[in-house]
Amino acid sequence: PDAQAAPGSCPLAGAESPPELFTWEFAADPYPAYAWLRTHAPVHRTRLPSGVEAWLVTRYADARAALADPRLSKNPAHHDEPAHAKGKTGIPGERKAELMTHLLNIDPPDHTRLRRLVSKAFTPRRVAEFAPRVQELTDSLIDSFAARGSADLIHEFAFPLPIYAICELLGVPREDQDDFRDWAGMMIRHGGGPRGGVARSVKKMRAYLAELIHRKREDLGEESARDDLISGLIRASDHGEHLTENEVAAMAFILLFAGFETTVNLIGNGTYTLLRNPGRRAEFQRAVAEEDSALLASSVEELLRYDGPVELATWRFATRPLEIGGQRIASGDPVLVVLAAADRDPARFPAPDTLDLARTDNQHLGYGHGIHYCLGAPLARLEGQYALGTLLRRLPDLRLAAEPEELRWRGGLIMRGLRTLPVSFTPR
Ligand code: HEM
């Protein structure tokens, strides 16, 4: 049978006090706790594992409104932080550094200017032209384990694909891409864990990007100048304005940082969900075999809604006292919009705990909403559809090689994803 929760089966339904959040059990399945919060404490103040106190917003209507509320700033300078919370709301090791002046940490008018400039370089057309290369990358990764009959789909597939894809788009030379893979690996393995390694990796990546951007700027006038995204960012201009060198570096960094762990988890969570729901998986495989691109697209959107990569949207801070869902929020308070809870809200989605690959009217918040709506959504959709479609087309009897209870979920705050995904299949 498909692994869907039966209606009304929430084990916490009758509980009177708030469920324990951020435990291992919660990481494995946070949805019952989110259902409880949506019903009993839809705007809920909690202490995060880092010690920071924040509001969790769990209803769809409140979440969508909060994501677009100009009174909620993305700039961590608005955080009225107590001493024990200092530095706990940024990328480890990078709080005050130059790479932090990126889209997800700034408000209009700076955000408007930067987003307009990057949108000139990172266009839907650039992404569409990249599609054949995503197919090649996907196939070559599957080639590397197809004859073995088993694989860890996180390390061998979901993780390298987005890294190589973003590196190629940015114009990182092939011979340097494995360094990126290692630095990114350090960030994903230890995000929220030991800080030294992460800080060192971020530092190396920053030094590398500065050098690469410098070289690309020098080459810009040459015949051989490539039409890659970094060159596009250097060239982009709006009313005579360009990005500064530091802004190009911060932009390249955020494209990597925002675009890789998310996509790893889309592929990982998406594959896992399909493997646990045999009926829907058969439907998905039919869509792939019949090249039903509409059903393939709606499937990936539904997988994002059902168990998306971004559990909580990135930080927001109240710039003045305000109310969300009837709850008073003080100026300086951090607010975390729980996308995973909003996207299972029965007030917005009929049968929200059912995986419905053909779901229409599926305006989930998995890519956010408002001015910070995911810039990489077209690329993420492309990678998700190619990765899941190709995997189940080439390895049609793919199966989980572990019990679901044995699988470990990463304990990070913002992202939701598996540490490993062991599978087996008939060798090809
Ligand atoms: C923003 C999700 C892939 C680049 C966001 C936000 C979400 C999100 C929820 C808004 C965060 C907020 O408002 O706090 C996802 C998911 C992805 C994905 C679920 C994969 C399935 C990508 C990729 C890229 C990318 C592949 C680029 C290569 C960005 C950037 C922003 C962003 C630059 C900031 C936009 C801004 O602040 O204006 N993403 N993302 N994302 N995403 Fe994605």
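Please read all numbers here as calculations on a predicted model, not as lab measurements.

About the criteria used
- Position numbers for residues start from 1 in each chain and track the written sequence from start to end.
- Where totals are concerned, whole chains, interfaces and linings use all residues; where local detail is concerned, this predicted model gives features only for residues with pLDDT of at least 70, and gives and counts side-chain atom pairs only at 80 or more.
- Per the convention used, a helix needs a DSSP run of H or I reaching at least four residues, while a strand needs a run of E reaching at least two, with both numbered from the N terminus.
- Values of the radius of gyration come from C-alpha atoms, whereas the globule rule sets the reference at 2.2 Å times the count of residues to the power 0.38.
- Here the contact rule is simple: place C-beta atoms from the backbone, and any two residues whose C-beta atoms are within 7 Å are in contact.
- Residue proximity rests on one test: whether the C-beta atom, placed from the backbone, lies within 6 Å of the molecule or strand.
- Throughout, the ten residues Ala, Val, Leu, Ile, Met, Phe, Trp, Tyr, Cys and Pro are labelled nonpolar, Asp, Glu, Lys and Arg are labelled charged, and all others, Gly among them, are labelled polar.
- Axes here refer to lines fitted to C-alpha atoms; in helices the fit is confined to the stretch in contact. Angles between the N-to-C directions go from 0 to 180 degrees.
- By definition, turning the near helix anticlockwise from the far helix through less than a right angle yields a left-handed crossing, and turning it clockwise yields a right-handed one.
- Between the buried cut of 20 or more and the exposed cut of 12 or fewer other C-beta atoms within 10 Å of a residue's own C-beta lies the partly exposed class, and all C-beta atoms are placed from the backbone.
- DSSP-based pairing: two strands are paired if at least 2 bridges between them are found.
- Nonpolar core, as used here: buried Ala, Val, Leu, Ile, Met, Phe, Trp, Tyr and Cys residues forming one set through C-beta atoms within 7 Å.

(A) Local environment of the overall build of the chain. Scanning the chain for helices and strands turns up 16 helices and 12 strands. Relative to the compact-globule value of 22 Å for 428 residues, the chain shows a C-alpha radius of gyration of 21 Å, a close match. Along the first, second and third principal axes, the C-alpha atoms of the chain reach 65 × 60 × 40 Å. Sequence-distant contacts, at least 24 apart, represent 72% of the contacts inside the chain between residues at least 6 apart.

(B) The arrangement of the site of the ligand in detail. Lining the immediate surroundings of the ligand are 26 residues, of which G259, T262, G368, C374 and G376 lie closest. Among the elements of the structure, α12 (245-276) and α16 (377-394) are those that each provide at least two residues to the shell around the ligand. In terms of residue count, α12 provides more of the shell around the ligand than any other element does, seven residues in total. Of the residues assigned to the shell around the ligand, the class counts are 16 nonpolar, nine polar and one charged.

(C) Main features of the packing of helix α6 (residues 131-146) against helix α8 (residues 160-170). Two elements in contact, α6 and α8, have axes separated by 10 Å at closest approach and are oriented at 145°. The handedness of the crossing between α6 and α8 is right-handed. Residue-level inspection shows R133, V134, L137, T138 and L141 of α6 in contact with α8, the latter providing P160, L161, Y164, A165 and E168. When its residues are assigned to classes, the contact of α6 with α8 shows seven nonpolar, one polar and two charged.

(D) Up close: α8. Burial analysis of α8 places 10 of its 11 residues in the buried class, which makes it a mostly covered element. Those residues of α8 that fall on the buried side of the exposure criterion are P160, L161, P162, I163, Y164, A165, I166, C167, L169 and L170. Backbone geometry just after α8 places G171 at a positive phi near 100°.

(E) The environment of R410, seen in detail. Its place among the elements puts R410 in the loop between β11 (399-400) and β12 (422-424). Linking R410 and W24, residues 386 residues apart in sequence, is a C-alpha distance of 9.0 Å. If we ignore the near neighbours within four places in the chain, the residues touching R410 are M415, G417 and R419.

(F) Quick peek at the sheet that holds strand β3 (residues 72-73). The five strands are arranged β1-β2-β10-β7-β3 in an open sheet whose pairing can be described as mixed. Strand pairing shows two members of the sheet lacking a second neighbour, β1 (43-47) and β3, which therefore form its edges. Pairing analysis gives five bridges linking β1 to strand β2 (residues 53-57), with the strands arranged antiparallel. What sits directly across from T46, in β2, is A54.

(G) Broad picture of the nonpolar core. Within the largest apolar cluster, 79 residues are counted, with the highest numbers of intra-cluster contacts made by L161, I166, L170, M251, A252 and F253. In terms of residue count, α12 provides more of this core than any other element does, 17 residues in total. In contact with L170, not counting residues within four places along its chain, are D228, L229, I230, A252 and L255. Counting 35 residues, the second-largest nonpolar core is a separate cluster that includes V52, I324, V337 and V338.

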